[in-house]
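Here are the chains, one letter per residue:
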Amino acid sequence: YEVATLKQANNQSLLKNVKNIIAVSSGKGGVGKSSTAVNLALALAKEGGKVGLLDADIYGPSIPTMLGTKNEQPLSPDNKHMSPIMAHGLATSSIGYLVAQDGAMVWRGPMASKALLQILQDTLWPELDYMVIDMPPGTGDIQLTLAQNIPVTASVIVTTPQDIALVDARKGLTMFKQVNIPTLGVIENMSYHICENCGHHEAIFGEGGARQLAEQYHTQLLGQIPLHRSLRQDLDNGTPTVINQPDSEFTRYYCEIADSV
Ligand code: ADP
Ligand code: MG
């Protein structure tokens, strides 16, 4: 019952300002979903789009850290809704803005799903060409609730080339298929390591896995992002690579992915 009501609210009002909703997903945590979501959103904005970023990782919100907004709190013009927090040109919302930094989320699935839909619903999103959603890891309750209640245009799946990540990425692909959300393709993160001293490339998580996965599921390999210390540092500093190294090869990779989205 709740789900149906929320669904109506969604379809009628909530996201009417948003043209395209892209869910950045993965079966597994720690593969670089948030890193990819942030840099992809910034790449879409760099190409002239109006872009929003929703941090849907209710148990481990990392967008506020990655965008350098973790000390900001959203304003509420009417005590009912909250304004998105603007960062590097993105309109953002996250549960991370509403809880103490060490406040661990102990909610069960249905509560977490509800909290998430509420954040989405209560944020005063401006007109957006794209909303990028940084999904929580896994293919459980929250993912399904989101997929069923938000008019998601398409998903992209992030994985590393490691077998253990690919297995989980497969589950993600299957889930989106089951809820009839098209998958634009697979992004291979930590594709190979680039040594920052000598530039040497090393395939530490294996090779070719994401391409095979994409072929198997009749979808595209959208891009391969290397593992590089500066990518991590940029995120830790709150100035993601697309902002901090706008002319780098990394930014070019993210922009190429944005082009195919
Ligand atoms: P997820 O959202 O899937 O859990 P994150 O995006 O938080 O994963 O990435 C996990 C950690 O790895 C983060 O600390 C991030 O800075 C780092 N990281 C992700 N991708 C890269 C990369 N390509 N190169 C270097 N560090 C990366
Ligand atoms: Mg994350």
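Higher on the page you've got the structure.
A.B. asks: Describe the overall build of the chain, and please don't skip the residues or the numbers.
C.D. replies: Within the chain, the regular secondary structure consists of 10 helices and nine strands. Whereas a compact globule of 261 residues would reach a radius of gyration of roughly 18 Å, the chain reaches 17 Å, a difference of no more than 12%. Counting only C-alpha atoms and orienting by the principal axes, one finds that the chain spans roughly 55 × 35 × 35 Å. When the 261 residues of the chain are sorted by exposure, 52% land in the buried category. For the chain, the exposed surface amounts to about 12,100 Å²; the carbon and sulfur share of it is 48%. With 18 positive and 25 negative side-chain charges, the chain shows a spacing of 6 Å between the two charge centroids.

A.B. asks: Lay out the nonpolar core with the relevant residues and their values.
C.D. replies: Ranked by internal contacts, the top residues of the largest apolar core, which has 39 residues, are Met131, Ile133 and Ile150. Elements represented by at least two residues in this core include exactly strand S1 (18-25), helix H4 (109-122), strand S5 (128-134), helix H5 (141-149), helix H6 (163-178) and helix H7 (209-216). Here this core takes six residues from H4, the largest share from any one element. Apart from residues lying up to four places away in sequence, Ile133 is in contact with Ile21, Ile22, Ala23, Val24, Leu54, Ala56, Leu146 and Ile150. Of all hydrophobic cores here, the second largest spans 36 residues; its members include Val24, Val132, Ile194 and Leu231.

A.B. asks: Explain the side chain of Thr251 residue by residue, including any values.
C.D. replies: Mapped onto the secondary structure, Thr251 falls in helix H10 (residues 249-260). A residue is classified by how much of its surface remains accessible, and Thr251, at 1% relative accessible area, is buried. Ignoring anything within four residues of it in the chain, the contact list for Thr251 reads Lys46, Thr241, Val242, Gln245 and Pro246.

A.B. asks: Give me the pairing of strand S6 (residues 154-159): which residues, what numbers.
C.D. replies: When you tally the buried positions in S6, you get six out of six residues, the bulk of the element. Across the two faces of S6 the burial is the same, with Ala154, Val156 and Val158 and Ser155, Ile157 and Thr159 all buried. Here S1 runs beside S6; their pairing, made up of four bridges, is parallel. Bridge pairing in S6 places Ala23 opposite Ser155.

Thresholds applied
- Residues numbered from 1 in each chain as written.
- Chains lettered and ligands numbered in written order.
- Predicted model: local features only at pLDDT ≥ 70, side-chain atom pairs only at ≥ 80, totals over all residues.
- Heavy atoms only, no water.
- Helix = DSSP H or I, 4+ residues; strand = E, 2+ residues; numbered from the N terminus.
- Rg over C-alpha atoms; globule rule 2.2 N^0.38 Å.
- Buried < 20%, exposed > 50% of the residue type's maximum accessible area, 1.4 Å probe, protein only.
- Areas by Shrake-Rupley, 256 points an atom, 1.4 Å probe, with all protein chains shown as cover.
- Lys, Arg positive; Asp, Glu negative; His and termini not counted.
- Charge placed at Lys NZ, Arg CZ, Asp CG, Glu CD.
- Core = buried A, V, L, I, M, F, W, Y, C linked by side-chain atoms within 4.5 Å.
- Contact = heavy atoms within 4.5 Å.
- Pairing = 2+ DSSP bridges.

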